[in-house]
Amino acid sequence: MTARDFLTNVTIILSVMSIGALLETAVPMFAAKPWKLGRRRANLGLTALSFFSNWLLASLAATLALTLRPAGVMARLGWPVWLETITGIVVLDFSVGYLSHRTMQIWPAMWRFHQTHHSDPFVDVTTTYRTHPIETVWRFMFAIVPVWMLGLPAQAVVIQRLLQATNGVLEHANLRLWEPLDRVLSLLWVTPNVHKIHHSRELSETNSNYANLLTIYDRLLGTYTPAHRAASVVYGLDDVDLAAVASFRGLLSMPFHPPELAPAPDAKVRIGAGATR
């Protein structure tokens, strides 16, 4: 990905974030909290870091797609480009969007990094890229494997990354979506209401709705929770000292906090911190 491509992608994502922020103001799901503006500064700091790290990794993924494609399975099938691209997007959405996400919450070592995202006590467009750089690297590894094995076309990698980035913004928007419309869209697509369930403090809800674009993976693998309770979800993590992670530096160091601030999860009993999850 060239610098021009990067700037184009960032412009698109920032435009979507701006639209999402406007929609949040017009039709919010939850009222803003007193500390909302304060946490936004830390979130936007991680957003800037995420943009840069994603640019580097997306460039590497696209380059590897071009390099490894001749040896991949898909390159030998003789499919038309449009079919290869759609297949590549679906495969990457499962691998990067669903599988990498679910494994981060099952494996305690990776949860310590992913909890940076889940610890946000209020979910809005700035939560989208409230992610630790190690999480970005983890997701990248789940992109490289199908690119290498299947020989996915580079355009599939680029388009999937852009769709994931833009839909991620809308998923996290503090947006009240008309429930009948949400029910129809969520038959196939991950909507804001669907993803709000995943940010719940309730264990059964946190351990569901992992997907990023298509809800079919959650439905087929038994991890789908209907979004009818989205308007009553309580966000955040129990037993996390919000004051200790209220800054850019605090969020980056969160995975390395002593146990009393960020207890390691027991994947068999709970996900994240606190027995009431």
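Nothing here was measured: the structure is a model prediction, and the numbers come from that model. (Residues numbered from 1 in each chain as written. Predicted model: local features only at pLDDT ≥ 70, side-chain atom pairs only at ≥ 80, totals over all residues. Heavy atoms only, no water.)

### What about the overall build of the chain?
Thinking step 1. Of the regular secondary structure elements, the chain holds 11 helices and zero strands.
Thinking step 2. Sequence separation of 24 or more characterises 77% of the internal contacts of the chain that already satisfy a separation of 6 or more.
Thinking step 3. Approximately 12700 Å² of the chain is accessible, and the part contributed by carbon and sulfur atoms is 72%. (Helix = DSSP H or I, 4+ residues; strand = E, 2+ residues; numbered from the N terminus. Contact = heavy atoms within 4.5 Å. Areas by Shrake-Rupley, 256 points an atom, 1.4 Å probe, with all protein chains shown as cover.)

### A look at a nonpolar patch on the surface
Thinking step 1. Together, Phe94, Leu99, Ile216, Leu220 and Leu221 make up an exposed nonpolar region whose accessible area comes to about 440 Å².
Thinking step 2. For the nonpolar patch, the secondary-structure elements that each account for two or more residues are helix 3 (81–106) and helix 10 (216–220).
Thinking step 3. Considering the arrangement of structural elements, one finds Leu221 in the loop between helix 10 and helix 11 (248–253). (Patch = residues over 30% accessible without salt bridge, like charges linked within 9 Å, V, L, I, M, F, W, Y side chains within 5 Å. Salt bridge = Lys/Arg side-chain N within 4 Å of Asp/Glu carboxyl O.)

### Regarding unusual backbone geometry
Among all residues save glycine, negative phi is the norm, and among peptide bonds the norm is trans.
Thinking step 1. You will see that Asn209, though not glycine, has its phi angle at about 55°, which is positive.
Thinking step 2. Tracing the backbone shows Asn209 in the loop between helix 9 (203–206) and helix 10.
Thinking step 3. Owing to a relative accessible area of 1%, Asn209 belongs among the buried residues under this scheme. (Buried < 20%, exposed > 50% of the residue type's maximum accessible area, 1.4 Å probe, protein only.)

### Section: the pattern of salt bridges
Thinking step 1. In this structure the tally under the stated criterion is eight salt bridges.
Thinking step 2. Here Asp124 makes a salt bridge to Arg39, at a shortest N to O gap of 2.9 Å. Here Arg39 lies in helix 2 (residues 36–68) and Asp124 lies in the loop between helix 4 (108–118) and helix 5 (133–150), a separation of 85 residues in the sequence. One exposure class covers both Asp124 and Arg39, and it is buried.
Thinking step 3. In this structure, Arg183 and Glu179 form a salt bridge, with 3.4 Å as the shortest nitrogen-oxygen distance. Of this pair, Arg183 and Glu179 both sit in helix 7 (residues 179–185), four residues apart, which is roughly one turn of the helix.
Thinking step 4. Under the relative-accessibility criterion, Arg183 is labelled partly exposed at 48%.
Thinking step 5. Salt bridges here are not isolated pairs; linked through shared partners, they connect Arg39, Arg40, Asp120, Asp124 and Arg130.

### What to know about the confidence of the model for the chain
Thinking step 1. Mean pLDDT over the chain: 84, with 87% of residues reaching 70 or higher.
Thinking step 2. The model gives residues 259–277 a pLDDT under 50, and that stretch makes 50 contacts with residues more than four places away or in other chains. (pLDDT = per-residue confidence, 0-100.)

### Topic: helix 3
Thinking step 1. For helix 3, built from 26 residues, the straight-helix expectation of 38 Å at 1.5 Å per residue is met to within 8% by its first-to-last C-alpha distance of 36 Å.
Thinking step 2. Remark: the principal bend of helix 3, roughly 30°, maps to Leu99. (Expected span 1.5 Å × (residues − 1). Bend = angle between axes of the 7 residues up to and from the residue.)

### Some words on the nonpolar core
Thinking step 1. Within the largest apolar cluster, 17 residues are counted, with the highest numbers of intra-cluster contacts made by Phe30, Tyr98, Ile197, Ala211, Tyr217 and Tyr235.
Thinking step 2. Ignoring anything within four residues of it in the chain, the contact list for Tyr217 reads Val90, Asp93, Phe94, Tyr98 and Ala211.
Thinking step 3. If you look at the next biggest cluster of nonpolar residues, it comprises 13 residues, including Leu57, Val96, Ile144 and Ala154. (Core = buried A, V, L, I, M, F, W, Y, C linked by side-chain atoms within 4.5 Å.)

### With respect to the packing of helix 3 against helix 5
Thinking step 1. Direction vectors running N to C along helix 3 and helix 5 enclose 140°, while the axes themselves pass 9 Å from each other. When the interaxial angle is binned, helix 3 and helix 5 end up oblique. The crossing of helix 3 and helix 5 is right-handed. On helix 5, the residues that touch Val91, Leu92, Ser95, Val96, Gly97, Leu99, Ser100, His101, Thr103 and Met104 of helix 3 are Glu135, Trp138, Arg139, Phe142, Ala143, Pro146, Val147 and Leu150.
Thinking step 2. In terms of residue class, the contact of helix 3 with helix 5 is made up of 11 nonpolar, five polar and two charged. (Axes fitted to C-alpha atoms, helices over the stretch in contact; angles between N-to-C directions. Parallel < 35°, antiparallel > 145°, perpendicular 65-115°, else oblique. Left-handed = near helix turned anticlockwise from the far one by under 90°. Nonpolar A, V, L, I, M, F, W, Y, C, P; charged D, E, K, R; others polar.)

### A word on the side chain of Thr191
Thinking step 1. Mapped onto the secondary structure, Thr191 falls in the loop between helix 7 and helix 8 (192–198).
Thinking step 2. Residues within four places of Thr191 in sequence aside, it is in contact with Glu171, Leu177, Asp182, Leu185 and Ser186.

### Side note on the packing of aromatic side chains
Thinking step 1. What the rule picks out here adds up to nine aromatic pairs.
Thinking step 2. Relative to Tyr129, the ring of Phe51 lies with its centre 5.3 Å away and its plane at 70°, an arrangement referred to as edge-to-face. Residue Phe51 is located in helix 2, and its partner Tyr129 is located in the loop between helix 4 and helix 5; the two are separated by 78 residues in the primary sequence.
Thinking step 3. What makes Tyr129 buried here is its relative accessible area of 9%.
Thinking step 4. Ring centres 5.4 Å apart and planes at 55° place the aromatic pair Phe94 and Tyr217 in the tilted group. Placement of Phe94 in helix 3 and of Tyr217 in helix 10 is noted, with a sequence separation of 123 residues between them.
Thinking step 5. Over the ring of Tyr224 we find Arg219, and its NZ or CZ is 4.0 Å from the ring centre. (Phe/Tyr/Trp six-rings, centres within 6.5 Å; stacked < 30°, edge-to-face > 60°. Lys NZ or Arg CZ within 6 Å of the ring centre and 35° of its normal.)

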